[in-house]
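Structural characterization, general
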Amino acid sequence: MQQNEREEFIFDLAIHKVKKLSNAGVFAMAVDQMCSLLANESEDRLIEIAPANLYKQDKEKHTKAKGF
């Protein structure tokens, strides 16, 4: 099998496998792939691209228990 035939076969096989997944399975695979991509970024870059509600640099330490 030549390289371009191998790549096309892998692509076709991937499509076949993904079509058999549930929506939850596709979502889980997408999250896993995104985690792999983001793992290669620096901490500064992650902070830069993250929405403000996901990361706060000056997190307050809780001195009192929250709740009841």
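Residues numbered from 1 in each chain as written. Predicted model: local features only at pLDDT ≥ 70, side-chain atom pairs only at ≥ 80, totals over all residues. Heavy atoms only, no water.

1. Focus on the overall build of the chain
We apply this condition: Helix and strand labels come from DSSP, where a helix needs a run of H or I of at least four residues and a strand needs a run of E of at least two; each type is numbered from the N terminus. Each residue is placed in one exposure class: buried if its accessible area under a 1.4 Å probe, protein chains only, is under 20% of its type's maximum, exposed if it is over 50%, and partly exposed if it falls in between. The Shrake-Rupley method, run with a 1.4 Å probe sphere, supplies the accessible areas, and residue values consider only the shown protein chains as cover.
Broken down by element type, the chain carries three helices and zero strands. The N-to-C order of helical and strand elements in the chain reads α-α-α. Buried residues in the chain amount to 1% of all 68 residues. When the accessible area of the chain is evaluated, it comes to approximately 7,000 Å², of which 56% is carbon and sulfur surface.

2. What to know about a nonpolar patch on the surface
Operational definition: Every patch collects residues that have over 30% relative accessible area and no salt bridge, joining them within 9 Å if they carry like charges and within 5 Å if they are nonpolar side chains (Val, Leu, Ile, Met, Phe, Trp, Tyr). By definition, a salt bridge exists where a carboxyl oxygen of Asp or Glu is found within 4 Å of a side-chain nitrogen of Lys or Arg.
On the surface, Met 34, Leu 37, Leu 38, Leu 46 and Ile 49 cluster together into a nonpolar patch covering about 400 Å² of accessible area. Elements with a contribution of two residues or more to the nonpolar patch: α2 (23-38) and α3 (43-49). At three residues, α2 tops the list of elements feeding residues into the nonpolar patch. Turning to its location among the elements, Leu 46 is positioned in helix α3.

3. Quick notes on the pattern of salt bridges
Taken as a whole, this structure holds two salt bridges when the rule is applied. The closest approach of N and O atoms between Arg 45 and Glu 41, which form a salt bridge, is 4.0 Å. Its relative accessible area of 34% is what places Arg 45 among the partly exposed residues. What makes Glu 41 partly exposed here is its relative accessible area of 36%. Salt-bridge contacts for Arg 45 lead to Glu 48; the nearest nitrogen and oxygen are separated by 2.9 Å. With Arg 45 and Glu 48 both in helix α3 and three residues apart, this pair spans about one turn of that helix. Each of Glu 41, Arg 45 and Glu 48 takes part in one network of salt bridges that share partners.

Worth remembering: the numbers are spatial, not functional.
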